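Listed below are the residues making up each chain.
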Amino acid sequence: MTKKDKLQADLEGLVKKWKDKKGNLIMILHSIENIYGYVPRETSLKLSRLLNVPLARIYEVITFYNYFKLEPPGKHNVSICMGTACYLRNADSLIEEIEKILHIKEGQTTKDEMFHLDVVRCLGCCGLAPVMMIDEKVYGKVKKNEIVDILSKYVKEEE
Ligand code: FES
């Protein structure tokens, strides 16, 4: 079953389950977010047809709640701290470097779904500024020219 077919089947199943219940749109979107880790773009169009709800209403719900993500999660989540200490130590240059290497912007995921980039506020280890975190691992006093090597380790692990 392709990803597209699976999404269609999941949506049909969820619509069947929730169709006549109050708050069904949020419950269905919630379930999709739980299954996929985000709400795929094609979901809105399909849901609009299946529930007979205007597309604008669906987008309104998705964008109102921070809980819903429109980008797939990456296999590895890269967080760059832009709290005061990190900001003062040029954390923005780390963001620029990652964006350049991975060809994504903040909040996006690489096409191969390997990395997702987030910019966050204080990670609680300001003494190590500038700080980058990949999944649960903290990298302190990160230099721009170290980023390629750090990211490459995660790529090599997959090979
Ligand atoms: S400001 Fe970056 S860890 Fe505190």
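Here's what I pulled together on the structure shown here. (Residues numbered from 1 in each chain as written. Predicted model: local features only at pLDDT ≥ 70, side-chain atom pairs only at ≥ 80, totals over all residues.)

Within the chain, the secondary structure is distributed over seven helices and four strands. Taken over the C-alpha trace, the chain has a radius of gyration of 19 Å; the compact-globule value for 159 residues is 15 Å, which it surpasses by more than 25%. For the chain, the C-alpha atoms occupy an extent of roughly 55 × 35 × 25 Å along the three principal directions. Counting the 159 residues in the chain, one finds 19% classified as buried. The long-range share in the chain, meaning contacts at least 24 apart out of those at least 6 apart in sequence, stands at 62%. (Helix = DSSP H or I, 4+ residues; strand = E, 2+ residues; numbered from the N terminus. Rg over C-alpha atoms; globule rule 2.2 N^0.38 Å. Buried ≥ 20, exposed ≤ 12 C-beta atoms within 10 Å, placed from the backbone. Contact = placed C-beta atoms within 7 Å.)

End to end, helix α6 (residues 91-102) covers 17 Å across 12 residues, agreeing with the expected 16 Å (1.5 Å per residue, within 8%). Every buried residue of α6 is listed here: Ala91, Leu94, Ile98 and Leu102. What you see down the axis of α6 is that its buried residues fit within an arc of 45 degrees, all on one side. If you follow the buried residues of α6, they end up packed against β1 (76-81), α5 (84-88), β2 (115-120), β3 (132-134) and α7 (147-158). Just past α6, the residue His103 takes up positive phi, approximately 60 degrees. (Expected span 1.5 Å × (residues − 1). Arc of directions from axis to C-beta.)

Contact geometry of α6 with α7 gives a least axis separation of 10 Å together with a crossing angle of 50 degrees. By the angle class used here, α6 and α7 are oblique. Our pair here, α6 against α7, has a crossing hand that is right-handed. Together, Leu94, Glu97, Ile98 and Ile101 of α6 and Ile147, Val148 and Leu151 of α7 make up the contact between the two elements. Here the contact of α6 with α7 is composed, by residue class, of six nonpolar, no polar and one charged. (Axes fitted to C-alpha atoms, helices over the stretch in contact; angles between N-to-C directions. Parallel < 35°, antiparallel > 145°, perpendicular 65-115°, else oblique. Left-handed = near helix turned anticlockwise from the far one by under 90°. Nonpolar A, V, L, I, M, F, W, Y, C, P; charged D, E, K, R; others polar.)

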